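Summary of the model geometry
The lines below spell out each chain.
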Amino acid sequence: YGLKGTAVIMHTLLQLFPPTTSTDAFQPLSLLQYFSYFVVPHIACWLIAEDFSISTTTSAYKLMVESSDVGELINPERDDDDEL
């Protein structure tokens, strides 16, 4: 999904859980760091697994890592999409 997919997932998470959400559940990370390092990649793996009918997120993660360069080329973060 590239950088655009990352931006869409992050935007959705921030709408559901605003940065003002206070919790010590993932300290010492901030909410944004937690989303960036754990939640966004996890959601992306689930979406990839669903799109490619892959039965495990481990295989989806491998596909995500192997195709990350292509994803960035096909789905750049900045394009003509006004919603982002």
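Residues numbered from 1 in each chain as written. Predicted model: local features only at pLDDT ≥ 70, side-chain atom pairs only at ≥ 80, totals over all residues. Heavy atoms only, no water.

**Re the packing of aromatic side chains**
- Applying the stated criterion across every chain yields a total of three aromatic pairs.
- Summarising the aromatic geometry, the rings of Tyr34 and Phe38 are spaced 5.8 Å apart at their centres and angled 35 degrees between planes, so their arrangement reads as tilted. Placement of the pair is Tyr34 and Phe38 together in helix α2 (residues 31–51), with a separation of four residues, close to one helical turn.
- Following the ring pairs from residue to residue traces out a cluster consisting of Phe26, Tyr34 and Phe38. (Phe/Tyr/Trp six-rings, centres within 6.5 Å; stacked < 30°, edge-to-face > 60°. Helix = DSSP H or I, 4+ residues; strand = E, 2+ residues; numbered from the N terminus.)

**Brief notes about the packing of helix α1 (residues 2–16) against α2**
- Running from N to C, α1 and α2 cross one another at 115 degrees; their axes reach a closest spacing of 10 Å. Helix-helix and strand crossings are classified by hand; for α1 and α2 the assignment is right-handed. The segment α1 lies against α2, with Thr6, Ile9, Met10, Leu13 and Leu14 engaging Leu32, Phe35, Ser36, Val39, Val40, Ile43, Ala44 and Leu47.
- Among the residues forming the contact of α1 with α2, the class breakdown is eleven nonpolar, two polar and no charged. (Axes fitted to C-alpha atoms, helices over the stretch in contact; angles between N-to-C directions. Left-handed = near helix turned anticlockwise from the far one by under 90°. Contact = heavy atoms within 4.5 Å. Nonpolar A, V, L, I, M, F, W, Y, C, P; charged D, E, K, R; others polar.)

**Remarks on unusual backbone geometry**
- Note the cis peptide between Gln27 and Pro28, where omega equals 15 degrees.
- With a phi angle near 50 degrees, Ser53 is a residue other than glycine that sits in the positive phi range.

**Comments concerning the packing of α2 against helix α3 (residues 57–66)**
- Between α2 and α3, the least distance of the axes is 8 Å, while the angle of their chain directions is 100 degrees. Taken together, the axes of α2 and α3 are roughly perpendicular relative to one another. Where α2 abuts α3, its residues Pro41, Ala44, Cys45, Trp46, Ile48 and Ala49 lie against Thr57, Ala60, Tyr61, Leu63 and Met64.
- Looking at the contact of α2 with α3, its residues break down into ten nonpolar, one polar and no charged. (Parallel < 35°, antiparallel > 145°, perpendicular 65-115°, else oblique.)

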